[in-house]
Amino acid sequence: MKAWLAILSCLLLQACAMPRALPEASDLRAGDGEVVVIGKVELVPPLERGEQKTHWNVVGEKRLLQRVWLSTGGEYRPVKTAQVDVADFQGSLEAQWGVPFMVKAPRQRTWVNGGLAHLDVMEQERLWFPGGLYFDVPPGASAVYIGTLRFHRNDFNVITRVEVVDERKDVATVLKAGAVPAEVRTSLLKRAR
């Protein structure tokens, strides 16, 4: 009986485990081996009121429902969509829909391996996003703009198109006074061939 309780406890902890997001950046200074990454993620059409179900007793639900989680890494390893593997989302890009983000990432070619948005945390309903995109860090760049990653969906929540849009005005939106947008190099996301 104790063995079953231990297994059940492990499964519950895994189900409740939170992905670890890339740290937010407050300025354009990156540490050794890091680069500041600026961009945005959009969903077309956007999630409407009522598409995400909320439950008053689910720990961390508010954070999960208001964001999209994109798995990133130094190599292309597509996320498994049958079941969430939290290991896929350690070092993930956590972004609010349609809001420019600024995070610190490792200084390397970085892949977007796929992603998810929670529709109902309790029922474990998710909207999955394809990966296969990457960006490079130009030599000497301390900050890069990767563009707006725009996912298009149909009525059945299937992603039908993915596009990268250059909306460089977003750079000025996230920078604090005194920062110079020209210090941010453009390195738009590219599709794997």
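Let us look at the structure shown here. Predicted model, so just to flag it, every value in this text is computed and none were measured. (Residues numbered from 1 in each chain as written. Predicted model: local features only at pLDDT ≥ 70, side-chain atom pairs only at ≥ 80, totals over all residues. Heavy atoms only, no water.)

Looking at the side chain of S71
Here's step 1: Relative to the helices and strands, S71 is located in strand β3 (residues 67-73).
Here's step 2: Among the residues examined, S71 registers a relative accessible area of 3% and is labelled buried.
Here's step 3: Setting aside residues up to four positions removed in sequence, S71 forms contacts with V79, D88, F89, S92, W111, V112, N113, G114 and G115. (Helix = DSSP H or I, 4+ residues; strand = E, 2+ residues; numbered from the N terminus. Buried < 20%, exposed > 50% of the residue type's maximum accessible area, 1.4 Å probe, protein only. Contact = heavy atoms within 4.5 Å.)

Side note on the layout of surface pockets
Gaps left between atoms are located by rolling a probe of water-molecule size over the structure's atoms.
Here's step 1: Empty space within the second largest pocket amounts to approximately 320 Å³.
Here's step 2: E24, E94, P100, F101 and M102 are, among the 17 residues lining the second largest pocket, the residues nearest its centre.
Here's step 3: Considering every element that reaches the lining of the second largest pocket, the biggest residue donor is strand β4 (residues 90-96), with five residues.
Here's step 4: Each residue belonging to the lining of the second largest pocket can be placed in one class, and the counts come to 12 nonpolar, two polar and three charged. (1 Å grid on protein atoms, 1.4 Å probe; cavity = no way out; pocket = protein on both sides within 12 Å on 5 of 7 lines; lining within 4 Å. Points joined across faces, edges and corners; volume = space filled by probe spheres on them. Nonpolar A, V, L, I, M, F, W, Y, C, P; charged D, E, K, R; others polar.)

A closer look at the pattern of salt bridges
Here's step 1: This model, assessed by the stated rule, comprises 12 salt bridges.
Here's step 2: With a shortest N-O distance of 3.5 Å, K40 and E42 are connected by a salt bridge.
Here's step 3: In this structure, E42 engages R150 in a salt bridge whose closest nitrogen and oxygen atoms are separated by 2.7 Å. Of the two residues, E42 sits in strand β2 (residues 34-44) while R150 sits in strand β9 (residues 143-153), which places them 108 residues apart along the sequence.
Here's step 4: Judged by its relative accessible area of 18%, E42 is buried. (Salt bridge = Lys/Arg side-chain N within 4 Å of Asp/Glu carboxyl O.)

Describing the environment of V79
Here's step 1: Examined against the element boundaries, V79 turns out to sit in the loop between β3 and β4.
Here's step 2: Classification of V79 by relative accessible area gives buried; the value is 11%.
Here's step 3: Along the backbone, V79 and F89 are 10 residues apart, and their C-alpha atoms lie at a distance of 8.6 Å.

Points about unusual backbone geometry
Here's step 1: Along the chain, V44 connects to P45 via a cis peptide bond; the corresponding omega equals -10 degrees.
Here's step 2: With respect to the helices and strands, the residue P45 is situated in the loop between β2 and α2 (61-65).
Here's step 3: Phi is positive for N157, close to 60 degrees, though the residue is something other than glycine.
Here's step 4: One can find N157 in the loop between β9 and β10 (159-165).
Here's step 5: What makes N157 partly exposed here is its relative accessible area of 24%.

A look at the pairing of strand β6 (residues 110-120)
Note on strand geometry: in a regular strand, side chains alternate between the two faces of the sheet.
Here's step 1: In terms of burial, β6 is a largely internal element, 11 of the 11 residues being buried.
Here's step 2: Here five bridges tie β3 to β6, and the two strands are oriented antiparallel to one another. Bridge pairing in β6 links W69 to L116.
Here's step 3: As paired strands, β6 and strand β8 (residues 133-135) are joined by three bridges and run antiparallel to one another. Bridged to T110 within β8 is F135.
Here's step 4: Bridge count between β6 and strand β7 (residues 125-129): five bridges; the pairing is antiparallel. Across the sheet, the residue bridging to L116 is W128, located in β7.
Here's step 5: Hairpin connection of β6 to β7: four residues between the antiparallel strands, including Q124 at a positive phi of 55 degrees. (Pairing = 2+ DSSP bridges.)

In short, shape yes, function no, at least from these values alone.
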